[in-house]
Amino acid sequence: MAFFLETTLGGLMTGMLYALVALGFVLIFKASGVFNFAQGAMVLFAALAMARFSEWIPKWTGLESLLLANIAAFLIAGAIMFAMAWLIEYLVLRHLVNQEGTTLLMATLGITYFIEGLGQTAFGSSVYSIDIGMPKDPVFIFESAFPGGVLVNKEDVIAAVIAAALVALLSVFFQKTSTGRALRAVADDHQAAQSIGIPLGRIWVIVWCVAGIVALVAGMIWGSKLGVQFSLSTIALRALPVIILGGLTSVPGAIIGGLIIGVGEKWSEVYLGPYVGGGIEIWFAYMLALVFLLFRPQGLFGEKIIDRV
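Because the structure is predicted, anything quoted here is derived from the model rather than measured.

Draft legend 1. Fine view of the overall build of the chain. Summing up its helical and strand segments, the chain has 12 helices and 2 strands in all. Radius of gyration (C-alpha) of the chain: 20 Å, near the 19 Å computed for a compact globule of 309 residues. Seen along its three principal axes, the alpha-carbon backbone of the chain occupies a region of about 65 × 60 × 35 Å. Once local pairs closer than 6 in sequence are excluded, the contacts in the chain between residues at least 24 apart make up 74%. Per element, the accessible surface of the chain, about 14,400 Å² overall, is 68% carbon and sulfur. Treating the 16 positive side-chain charges of the chain as one cloud and the 18 negative ones as another, the clouds have centres 7 Å apart.

In structure tokens form, the structure reads like this:
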């Protein structure tokens, strides 16, 4: 039982990180109605900015506090992501208002390659580290209930708590604020939203700024766990099964989908892996997503595409 709980808790914590990345896709889709291929590049760029400025600031200022250096780096990286969001809207999106979804999709592909190239030019292409002071030692919990206790990683717990807090904050933002309701209106119909006075350009800037902060938090956490390298942009691929399962239009769906995928990967590797030679954790989520595409393409909580046309 203790081993089952260890596996499940590990899956839940990993699933929260998947949900965090998936939220970036959901945010952009809710505002523009297009799948944002640039989300992985945004995670990479934000992580690069965080890693490099946390390294540069102590050298430039003589600051010795790791906490203050990381706070300053986070604020600077956040400002950079805000500036990037404004530039994307000003230079690209405002010229594509009311265009077909395919046009917007191709625009995000172009943005992806630009962001990746800009990141390499500005911050370099080496492997960098982000040290935000999260403890990496494992700890035993529930020792009184199970012999030997349940082993969990402190870093995973803290990362999952951060991700859960941000997810909860975004859920409240979408459901309870006037800006969140405006975002949903824009996602339903651009022209109708404009006709009732919703400024489409401002909404897109807001949602790209929020997606940029989500990318920064995701990049900070994944960079702390895995290091910041250009393969980090592929972390977005791990979020694809999550949004297929939960629904591309649903913030709660991204959360539930992330948890299901995280736990499913761990369970499949531990309990099914020995029978199929291992490695099932790599492809299990994609097979599950394929099943949903065949039988429920809108996901658990998403809308049918026909309803959005």
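Moving on, there is more to tell.
Draft legend 2. Looking closely at the pairing of strand β2 (residues 150–153). Here β2 shows a buried face lined by Val150 and Val152 and an unburied face lined by Leu151 and Asn153. With 4 bridges joining them, strand β1 (residues 138–141) and β2 adopt antiparallel strand pairing. In the sheet register, Phe140 faces β2, and the bridge partner there is Leu151.

Draft legend 3. Inspection of the packing of helix α3 (residues 66–91) against helix α8 (residues 200–226) at higher detail. Orientation of α3 relative to α8, taken along the N-to-C sense of each, is 145°, at an axis distance of 8 Å. For α3 against α8, the interelement crossing comes out right-handed. Taken together, the residues of α8 that come into contact with α3 (itself represented by Phe74, Ala77, Gly78, Met81, Phe82, Ala85, Trp86, Ile88 and Glu89) are Gly201, Trp204, Val205, Trp208, Cys209, Gly212, Ile213, Leu216, Val217 and Met220. Residue composition of the contact of α3 with α8, grouped by class: 15 nonpolar, 3 polar and 1 charged.

Draft legend 4. Representation of the packing of helix α9 (residues 235–246) against helix α10 (residues 251–276) within the structure. The geometry of α9 relative to α10 is characterised by a closest axis approach of 8 Å and an angle of 120° between their N-to-C directions. Our classification of the angle between α9 and α10 gives oblique. Like other packed secondary-structure pairs, α9 and α10 cross with a definite hand, here right-handed. In this structure, α9 contributes Arg238, Pro241, Val242, Leu245 and Gly246 to the contact, and α10 contributes Gly253, Ala254, Gly257, Gly258, Ile260, Ile261 and Glu265. Considering only residue class, the contact of α9 with α10 consists of 6 nonpolar, 4 polar and 2 charged.

Calculation criteria
- Residues numbered from 1 in each chain as written.
- Predicted model: local features only at pLDDT ≥ 70, side-chain atom pairs only at ≥ 80, totals over all residues.
- Heavy atoms only, no water.
- Helix = DSSP H or I, 4+ residues; strand = E, 2+ residues; numbered from the N terminus.
- Rg over C-alpha atoms; globule rule 2.2 N^0.38 Å.
- Contact = heavy atoms within 4.5 Å.
- Areas by Shrake-Rupley, 256 points an atom, 1.4 Å probe, with all protein chains shown as cover.
- Lys, Arg positive; Asp, Glu negative; His and termini not counted.
- Charge placed at Lys NZ, Arg CZ, Asp CG, Glu CD.
- Buried < 20%, exposed > 50% of the residue type's maximum accessible area, 1.4 Å probe, protein only.
- Pairing = 2+ DSSP bridges.
- Axes fitted to C-alpha atoms, helices over the stretch in contact; angles between N-to-C directions.
- Left-handed = near helix turned anticlockwise from the far one by under 90°.
- Nonpolar A, V, L, I, M, F, W, Y, C, P; charged D, E, K, R; others polar.
- Parallel < 35°, antiparallel > 145°, perpendicular 65-115°, else oblique.

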